[in-house]
Amino acid sequence: MSLLSLPSVTALLLLGAALEASAAVSLARVGGAAIVALSIVCWLARDEQGRAARGLVSALMFYNLAVAGVLAFASLSDGLHGMLLWPAVAFHVAMGAWSIAILSRSHDRALP
């Protein structure tokens, strides 16, 4: 939600640099809206099981591991660093691992 409402502050906390161009702020808000939409879908499908739920968890796994990679790359290659960067990387890695655990658990249950 912070990326949608306060994209420059979010970038400052994560990357140590504010978003300066209006195009960057707009693009960050688009990303924030996508994250909120994904959150709504997850909330509405929280009691579902089956292929749709597995697909949703797979998408979350990809999202979290991709975000962790992008943020780590921003620090290691681009030299960006904000006070919440590495905690955010750790959070997304943990959420990716949780998604993998959920997927492997649901796969084990599906076996005859």
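Let me begin by describing the structure that accompanies this report. (Residues numbered from 1 in each chain as written. Predicted model: local features only at pLDDT ≥ 70, side-chain atom pairs only at ≥ 80, totals over all residues. Heavy atoms only, no water.)

Next up on the list: the overall build of the chain. When you go through the chain residue by residue, the secondary structure sums to five helices and zero strands. Shown N-terminal to C-terminal, the secondary structure of the chain runs as helices and strands in the order α-α-α-α-α. Expressed as lengths along the three principal axes of its C-alpha atoms, the size of the chain is roughly 55 × 25 × 15 Å. Looking at the chain alone, contacts between residues at least 24 apart form 65% of all its contacts between residues at least 6 apart. As presented, the chain carries roughly 7,500 Å² of accessible surface, and 71% of it is formed by carbon and sulfur atoms. On the chain, the mean spot of the 6 positive side-chain charges and the mean spot of the 5 negative ones are 9 Å from each other. (Helix = DSSP H or I, 4+ residues; strand = E, 2+ residues; numbered from the N terminus. Contact = heavy atoms within 4.5 Å. Areas by Shrake-Rupley, 256 points an atom, 1.4 Å probe, with all protein chains shown as cover. Lys, Arg positive; Asp, Glu negative; His and termini not counted. Charge placed at Lys NZ, Arg CZ, Asp CG, Glu CD.)

Attention shifts here to helix H4 (residues 51-76). Taking 1.5 Å per residue as the helical rise, H4 with its 26 residues ought to reach 38 Å, and the 37 Å between its terminal C-alpha atoms agrees with that figure. Buried within H4 are the following residues: Ala-53, Leu-56, Val-57, Leu-60, Asn-64, Val-67, Ala-68, Leu-71, Ala-72, Ala-74 and Ser-75. (Expected span 1.5 Å × (residues − 1). Buried < 20%, exposed > 50% of the residue type's maximum accessible area, 1.4 Å probe, protein only.)

Glancing now at the environment of Leu-71. Position of Leu-71 relative to the elements: it lies in helix H4. What makes Leu-71 buried here is its relative accessible area of 10%. Placed 15 residues apart in sequence, Leu-71 and Trp-86 show a C-alpha to C-alpha distance of 8.1 Å. Residue contacts for Leu-71: discarding those within four places in its chain leaves Leu-15, Leu-85, Ala-88, Val-89 and His-92.

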